[in-house]
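# Residue-level structure breakdown
Spelled out from the first residue to the last, the chains are:
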Amino acid sequence: MRGHRRKTDTVAGIRPRHSVPHNERKAELMSQSIQPKDWAPARGYSNGMLMDDGTLHVSGQIGWDKNKNLVKGGFIPQMEQALKNITDVVAAAGGEIRDIGRLTWFVRDKSEYAEKQKEVGQAYQRVFGKHFPAMSMVVITELIEDEAVVEIEATAYIKSKL
């Protein structure tokens, strides 16, 4: 059929992936689950996934310790512990704080966050120092753990992985 192209025909010399013979395919992107030593095991998820390209996806961390006990005291202590948990996952993958490029915060009470800006800044700097990655904040109604008031996830780029 003139002018009609099948899915497997090439366009500018590029074949769709499904038409490339198996022995010609590049290796699939692999990942490695990251679990800090001495932490209680994650169930049904990974604390971090390190990809072959050096990207580390850190799952949402809440303010619990390595034994999954939620810290007491509300927003500031939970936020600080969640940030420490992120740094533990990044370190377990061979990275450093400066490798973190993005944080996404999920908070239950926007007004508590806003009212405690000075304390938020102090707690943040105790953990991250003067490193300020790209950040987003999402206000939510609930978290899976009923007593948790903040959850933070991160993306890092671990150069040593390359």
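Once that is clear, we can look at the overall build of the protein chain. Per the secondary structure count, the protein chain includes three helices and six strands. Counting only residues that meet the buried cut, the protein chain has 34% of its 162 residues in that class. By sequence separation, contacts in the protein chain at least 24 residues apart represent 66% of the contacts at least 6 residues apart. As presented, the protein chain carries roughly 10,400 Å² of accessible surface, and 51% of it is formed by carbon and sulfur atoms.

Okay, the environment of Glu151 next. By the element assignment, Glu151 lies in strand E6 (residues 150-157). Counting along the chain gives 90 residues from Glu151 to Gln61, while the straight-line C-alpha distance between them is 5.3 Å. When residues no more than four places from it in sequence are discounted, the contact partners of Glu151 are Gly60, Gln61, Ile62, Thr104, Trp105, Phe106 and Leu143.

Turning our eyes to something else, we now look at the sheet that holds strand E2 (residues 48-51). Read across the open sheet, the six strands follow the order E1-E2-E3-E6-E4-E5; overall the sheet is mixed. Either end of the sheet is taken by a strand with one partner, and the two such strands are strand E1 (31-34) and strand E5 (134-139). Strand after strand, the sheet turns through a mean of 15° between neighbouring axes, direction not considered. Sheet analysis places strand E4 (residues 100-107) next to E6, joined by seven bridges and oriented antiparallel. Within E6, the position partnered with Leu103 by the bridge is Ala154.

So, about helix H1 (residues 75-92). Taking 1.5 Å of rise per residue, 18 residues should cover 26 Å, and H1 covers 26 Å from first to last C-alpha, within 8% of that figure. With 13 of 18 residues buried, H1 lies mostly within the body of the structure. Within two residues after H1, Gly94 carries a phi angle of roughly 95°, on the positive side.

Moving on to the side chain of Thr55. Along the chain, Thr55 turns up in strand E3 (residues 55-61). Classification of Thr55 as buried rests on a relative accessible area of 17%. Among all residues touching Thr55, those that are not within four sequence positions of it are Met49, Leu50, Thr155, Ala156 and Tyr157.

Further remarks concern the packing of aromatic side chains. In this structure the tally under the stated criterion is four aromatic pairs. When the centroid spacing of 6.2 Å and the interplanar angle of 65° are considered together, the rings of Trp105 and Tyr113 count as edge-to-face. Judged by relative accessible area, which is 3%, Trp105 ranks as buried.

Turning our attention to a negative patch on the surface. A cluster of acidic residues, Glu142, Glu145, Asp146 and Glu147, forms a negative patch at the surface. Mapped onto the elements of the fold, Glu147 is located in the loop between E5 and E6.

Per-residue pLDDT for the protein chain has a mean of 86; in total, 81% of the residues score no lower than 70. When the criterion is pLDDT under 50, residues 4-25 qualifies, and its contacts beyond four places in sequence or with other chains add up to 18 contacts.

The rules behind the values
- Residues numbered from 1 in each chain as written.
- Predicted model: local features only at pLDDT ≥ 70, side-chain atom pairs only at ≥ 80, totals over all residues.
- Heavy atoms only, no water.
- Helix = DSSP H or I, 4+ residues; strand = E, 2+ residues; numbered from the N terminus.
- Buried < 20%, exposed > 50% of the residue type's maximum accessible area, 1.4 Å probe, protein only.
- Contact = heavy atoms within 4.5 Å.
- Areas by Shrake-Rupley, 256 points an atom, 1.4 Å probe, with all protein chains shown as cover.
- Pairing = 2+ DSSP bridges.
- Axes fitted to C-alpha atoms, helices over the stretch in contact; angles between N-to-C directions.
- Expected span 1.5 Å × (residues − 1).
- Phe/Tyr/Trp six-rings, centres within 6.5 Å; stacked < 30°, edge-to-face > 60°.
- Patch = residues over 30% accessible without salt bridge, like charges linked within 9 Å, V, L, I, M, F, W, Y side chains within 5 Å.
- Salt bridge = Lys/Arg side-chain N within 4 Å of Asp/Glu carboxyl O.
- Lys, Arg positive; Asp, Glu negative; His and termini not counted.
- Charge placed at Lys NZ, Arg CZ, Asp CG, Glu CD.
- pLDDT = per-residue confidence, 0-100.

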